[in-house]
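Chain by chain, the residues run as shown.
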Amino acid sequence: MDILLHLAKHSGEVVEANDLIDRNWSADRGTENALYKIMAELRRAFRDNDRQNRIFKTVSKRGYMLTLPVSESSQTRAMPLARGTDPALVLERSMLDGQARMDNRDYMLAQQHFAVALELNRQQSLPDSTLECEAHLRIGRCVLLEQGRELARPHYETARELALALQDHTRHARALLGISGSLQPLLDKQALDMRHQLQLAFLSLPKQQGLLGNLLRSRIVTYTRPVNEDLLTEIDAIVSEARQLDDTDTTAHGLIAQHECWRLLCRPEDQLKLSAELRSLTRDSEDRDLVSNGYVRSIADHLQVADTSKVASLLDEFKQLEPRFVFQDDINRIEANLAMMAGRFDEAERLAMSVSAREPGYRLQQFLQLLMIRRFQGRGEEVLPLLESVAASYGNVPEILVQLTLLYVECGQASAYRDTYGEQGIDLTVFNRDISWIPTLAALAELAYLVRDKPLAEALLPELTPFAASHLNHPSACYFGAGCYFIGLLYDVLGKTNECTEALRKALKLHTDIGCVPMVARTKERLAIK
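Asks: Go over the overall build of the protein, please, and point to the residues and values.
Replies: A count of helical and extended segments in the protein gives 26 helices and 3 strands. Buried residues in the protein amount to 52% of all 530 residues. Taking the intrachain contacts of the protein between residues at least 6 apart in sequence as the baseline, contacts between residues at least 24 apart amount to 58%.

Written as structure tokens, this is what we have:
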């Protein structure tokens, strides 16, 4: 429950600080300082002077109390404002301040601003249903990114009901998109039904709805469709339409969708072209996420093809941008990858651990990066407790479960594979083809090699082939070197000795040429076994 609503529910009572922290943060992230910041934001929103304690009273060494009564006629939600304050202005300011907080990725404070707007709107003689719907959409987004999927879903469900009543196709699609996000990466019937509803919502969006409609269509088609040429054609049509409307932001979002498709289809040359275009297109944008996206994707693409000089140049250029466009977490992740490639594992680990990992995507990337660093060092056992905790917090989703099983096997628990997957083995259809697919493929190949699972090796070969289909002088040597390495492991499982040796030798040359120290060592180790 939001801090504001919990205080309102217990108006006139002291609410313990620890209770507020426990209700709004996970155990490892809630602090008194974070609570203090939110209370300060609430006081500013309600024009409450901290020293006078007219609305929010601080009770020393205990917690906080809402001192003014809450109206029962408004279902214990109406919040009185300081005398002389115009509710409409506070409502408008709360929405604007909340969006500013979202732009700065300060999701907990943003959520509180939107909650204030929601409460003030409910007090109006004629509440604005559109504003209520929008507030729930934004709160849902904040909760999804800060607190998790399960807590976000009720807000998206409420927004969906309001959007349907308003016959607002765009907000209905956004609500469905949020619900779908709250279900991912669980592949159950409910998630599949939601994907179908998203398709219907996509079809209902008017063609000439402008920025938001185009943006939503580009997102919906990538979330609900397998990556193939038809999908690429559809996204290309969206981008073309956005260009005709001179809609820069939607064009940029469309390019991001195309980039994701090319990445999953293993088309690094197309990725490089798109990320360069995205960086150029968003250079003068005021959208912080788009500017950052352009640089981060471009740097990642050049890192993927082992063009370290270009990576260094782009990274310096990125750091020189205005501070509001630069996320230090992005820089730390990139520099951690560079250090890991050079075999500087202590530096890589320090940089990986410095990532704040506030968003779910960042947390997963940070974990996978840390896991890879420690596995290269032969310190896999140290990661087991962390990995078990991550698996539990993510509900043992397939992508994390396979990493956990691999680590168990590497640490000598050979029975872990059958204990987890039984005699039938792993079903590849349960995995999402999203940002986690490439590290998942690598883990699956390592697992198939260690447990000698021939059916899994046969199923993985066509999935990995695009990553190894390259000449030795291919500019994407880093990308294809890993592909050759894992293909070599699969050939070994299948008893194809010559093919295995050839693939591993190709991987060794590629990784040696680009100076990828850890993969050179690992490939030599596998060749020595041969």
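And the narrative resumes.
Asks: I'd like to hear about the pattern of salt bridges, residue by residue, with values.
Replies: According to the stated counting rule, one finds 22 salt bridges in the structure shown. When the shortest N-O distance is used, the salt bridge between Glu119 and Arg122 registers 2.8 Å. Pair noted here: Glu119 and Arg122 are both in helix 5 (residues 107-123), with a separation of 3 residues, about one helical turn. Relative accessible area serves as the criterion here: at 2%, Glu119 is assigned to the buried category. The class for Arg122 is partly exposed, based on a relative accessible area of 26%. For the salt bridge of Arg379 with Glu349, the shortest nitrogen-to-oxygen distance reads 2.9 Å. Of this pair, Arg379 sits in the loop between helix 18 (360-376) and helix 19 (380-393) while Glu349 is found in helix 17 (residues 345-354), placing the two residues 30 residues apart along the sequence. On the basis of relative accessible area, Glu349 is assigned to the buried category, the value being 13%.

Asks: Can you explain the environment of Gly294? Please cite residues and give values.
Replies: Along the chain, the position of Gly294 falls in helix 14 (residues 288-304). Under the relative-accessibility criterion, Gly294 is labelled buried at 0%. When the C-alpha positions of Gly294 and Ile256 are compared, they lie 8.6 Å apart, and in sequence the two are 38 residues distant. Residues in contact with Gly294, not counting those within four places in the same chain, are Ser275, Leu278, Arg279 and Thr282.

Asks: Can you tell me about the pairing of strand 2 (residues 56-59), naming the residues and giving the values?
Replies: One ladder, built from 4 bridges, connects strand 2 with strand 3 (residues 63-66); its direction is antiparallel. Residue pairing in the sheet places Lys57 in a bridge with Met65 of strand 3.

Asks: Pulling in residues and values, what's your account of unusual backbone geometry?
Replies: Of note, Gln167 is a non-glycine position whose phi angle comes to about 55°, a positive value. Looking at the element boundaries, Gln167 is found in the loop between helix 7 (149-166) and helix 8 (169-183). For Gln167, a relative accessible area of 67% corresponds to the exposed category. Located in the positive-phi region is Arg452, a residue other than glycine, with phi close to 60°. Tracing the backbone shows Arg452 in the loop between helix 22 (437-451) and helix 23 (454-468). Residue class for Arg452 comes out partly exposed when judged on its relative accessible area of 40%.

Asks: Can you tell me about the side chain of Thr405, naming the residues and giving the values?
Replies: Note on placement: Thr405 falls in helix 20 (residues 398-410). When its relative accessible area of 1% is taken as the criterion, Thr405 is described as buried. Of note is the side chain of Thr405, whose polar atom sits 2.8 Å from the backbone oxygen of Leu401. Among all residues touching Thr405, those that are not within four sequence positions of it are Ala416, Tyr417, Thr420, Tyr421 and Leu447.

Asks: Lay out the confidence of the model for the protein with the relevant residues and their values.
Replies: The predicted model of the protein averages 78 in pLDDT, with 76% of residues at 70 or higher. Predicted confidence is poor over residues 69-84, with pLDDT under 50, and the contacts of this stretch with residues over four places away or in other chains come to 33 contacts. When the criterion is pLDDT under 50, residues 471-476 qualifies, and its contacts beyond four places in sequence or with other chains add up to 8 contacts.

Asks: I'd love a proper account of helix 15 (residues 308-319), names of residues and values included.
Replies: Because the α-helix completes a turn every 3.6 residues, residues three or four places apart line up on one side. Under the 1.5 Å per step criterion, the end-to-end length of helix 15 is 16 Å for 12 residues, consistent within 8% with the ideal 16 Å. Along helix 15, the residues classified as buried are Val311, Leu314, Leu315 and Phe318. End-on, the buried residues of helix 15 take up no more than an arc of 105°, which puts them together on one face. The inward-facing, buried residues of helix 15 abut helix 13 (268-281), helix 14 and helix 16 (328-341).

Asks: Residues and numbers for the packing of aromatic side chains, please.
Replies: Throughout the structure, instances matching the rule amount to 4 aromatic pairs. Stacked on the ring of Tyr295, the Lys or Arg Arg279 has its end atom at 6.0 Å from the ring centre.

Cut-offs applied
Residues numbered from 1 in each chain as written. Predicted model: local features only at pLDDT ≥ 70, side-chain atom pairs only at ≥ 80, totals over all residues. Heavy atoms only, no water. Helix = DSSP H or I, 4+ residues; strand = E, 2+ residues; numbered from the N terminus. Buried < 20%, exposed > 50% of the residue type's maximum accessible area, 1.4 Å probe, protein only. Contact = heavy atoms within 4.5 Å. Salt bridge = Lys/Arg side-chain N within 4 Å of Asp/Glu carboxyl O. Pairing = 2+ DSSP bridges. Polar contact = N/O pair within 3.5 Å; in protein donor to acceptor, adjacent residues only side chain to side chain. pLDDT = per-residue confidence, 0-100. Expected span 1.5 Å × (residues − 1). Arc of directions from axis to C-beta. Phe/Tyr/Trp six-rings, centres within 6.5 Å; stacked < 30°, edge-to-face > 60°. Lys NZ or Arg CZ within 6 Å of the ring centre and 35° of its normal.

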